Amino acid sequence: MDTEASIISKSPEETINFAKELVRPCQGGEVFALIGELGSGKTQLVKGAALALGFKGEVTSPTFSLVHCYKGEKFDIFHIDLYRVENVPSILSHYLEEILYAEAICFVEWPQKIEKLLPSWTQYWEITIIAQNERKIKRIR
Ligand SMILES: Nc1ncnc2c1ncn2[C@@H]1O[C@H](COP(=O)(O)OP(=O)(O)OP(=O)(O)O)[C@@H](O)[C@H]1O
Ligand SMILES: [Mg+2]
């Protein structure tokens with residue numbers, strides 16, 4: 001997918017389907033930074049991705065636990081949510097670095113909080129709320 005890619009999703013299911021396409025070419029080591037306001041659909045997108053990567057369980061928001069790990073068919077999927085983190089303590093940055101540079105697939109909600117830690121190959125996706133059930137999903141970097 002090129003850096004100009006942008007789609008309109010008209011339902012949570014469409015976002016799930018978009019996520020499936022997004023992770024189809026994954027080979028391990030991919031990092032997806034998901035930018036968007038509360039309720040825009042970041043977790044929804046991770047749900048679709050985890051499903052497509054073979055995870056059978058439930059994907060929930062790691063708002064309090066910070067990191068969830070889901071076992072996919074080929075890869076571990078890390079779901080990171082930094083909403084509640086103010087100044088990232090060094091013990092957490094070290095842990096996050098291990099995850100971000102591992103051969104897993106990582107999704108980061110609120111990536112602005114760890115910009116310096118993110119690998120150069122990170123894909124930045126922005127989700128914008130257009131209407132109650134409509135979202136614009138755009139690759140911005
Ligand atoms: N087209 C759409 N794509 C994704 N979600 C949608 C869409 N339309 C409606 N929704 C709803 O928007 C909500 C998105 O919630 P989600 O938890 O994924 O947001 P989030 O960006 O992760 O928020 P937070 O920052 O609080 O973690 C869900 O309730 C979902 O059903
Ligand atoms: Mg979320």
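Residues numbered from 1 in each chain as written. Chains lettered and ligands numbered in written order. Predicted model: local features only at pLDDT ≥ 70, side-chain atom pairs only at ≥ 80, totals over all residues. Heavy atoms only, no water.

In the nomenclature of an unreviewed UniProt entry, the protein chain is known as tRNA threonylcarbamoyladenosine biosynthesis protein TsaE of Methylacidiphilum kamchatkense Kam1.

Draft legend 1. Structural detail: the overall build of the protein chain. Helix and strand counts for the protein chain come out as three helices and seven strands. Along the chain direction, N to C, the helices and strands of the protein chain fall in the order β-α-β-α-β-β-α-β-β-β. In terms of overall dimensions, the protein chain is globule-like: its C-alpha atoms have a radius of gyration of 14 Å, near the 14 Å expected for 141 residues. Overall, the C-alpha framework of the protein chain stretches about 40 × 30 × 30 Å when taken along its three principal axes. In the protein chain, buried positions account for 50% of the 141 residues. (Helix = DSSP H or I, 4+ residues; strand = E, 2+ residues; numbered from the N terminus. Rg over C-alpha atoms; globule rule 2.2 N^0.38 Å. Buried < 20%, exposed > 50% of the residue type's maximum accessible area, 1.4 Å probe, protein only.)

Draft legend 2. Quick peek at the site of ligand 1. Taken together, 18 residues sit near ligand 1, with Thr15, Gly39, Lys42, Thr43 and Gln44 positioned nearest. Within the side chain of Lys42, a nitrogen or oxygen atom sits 2.8 Å from an oxygen atom of ligand 1. In the complex, the protein chains occlude 76% of the 640 Å² of accessible area that ligand 1 would expose alone. Looking at which element gives the most residues to the shell around ligand 1, the answer is helix H2 (residues 42-52), with three residues. (Near = heavy atom within 4 Å. Polar contact = N/O pair within 3.5 Å; in protein donor to acceptor, adjacent residues only side chain to side chain. Areas by Shrake-Rupley, 256 points an atom, 1.4 Å probe, with all protein chains shown as cover.)

Draft legend 3. Broad picture of the packing of helix H1 (residues 12-23) against H2. Relative to each other, H1 and H2 sit at 50°, their axes nearing to 7 Å. Classified by the interaxial angle, the pair formed by H1 and H2 is oblique. For the crossing formed where H1 meets H2, the hand is right-handed. Residue-level contacts link Pro12, Thr15, Ile16, Phe18, Ala19, Lys20, Leu22 and Val23 of H1 to Gln44, Leu45, Lys47, Gly48, Ala49, Leu51 and Ala52 of H2. (Axes fitted to C-alpha atoms, helices over the stretch in contact; angles between N-to-C directions. Parallel < 35°, antiparallel > 145°, perpendicular 65-115°, else oblique. Left-handed = near helix turned anticlockwise from the far one by under 90°. Contact = heavy atoms within 4.5 Å.)

Draft legend 4. Examining the sheet that holds strand S6 (residues 123-131) more closely. On the basis of which strands lie adjacent, the open sheet formed by seven strands has the order S1-S7-S6-S2-S5-S4-S3 and mixed pairing. Since the sheet does not close on itself, it has two edges, and those belong to strand S1 (6-9) and strand S3 (67-71), each with one partner. Averaged over all adjacent pairs, the angle separating strand axes in this sheet is 20°, with direction ignored. As defined by bridge partners, S6 adjoins strand S7 (residues 134-139) across six bridges and the pair is classed as antiparallel. In the strand pairing of S7, Glu126 is matched with Lys138. Packing against the sheet, H1 makes contact with S1, strand S2 (31-35), strand S5 (105-109), S6 and S7, and its axis sits at approximately 150° to S1. (Pairing = 2+ DSSP bridges.)

Draft legend 5. A look at the side chain of Asp81. Secondary-structure assignment places Asp81 in strand S4 (residues 76-81). Side chain to side chain, Asp81 and Ser61 meet in a polar contact 3.4 Å long. When neighbours within four sequence positions are excluded, Asp81 is seen to be in contact with Ser61, Pro62, Thr63, Leu66, Glu109 and Trp110.

Draft legend 6. Here's a closer look at the environment of Gly36. With respect to the helices and strands, Gly36 occurs in the loop between S2 and H2. Considering only alpha carbons, one finds Gly36 and Trp110, 74 residues apart in sequence, at a separation of 7.7 Å. Beyond its immediate sequence surroundings of up to four residues, Gly36 is in contact with Lys42, Trp110 and Ile127.

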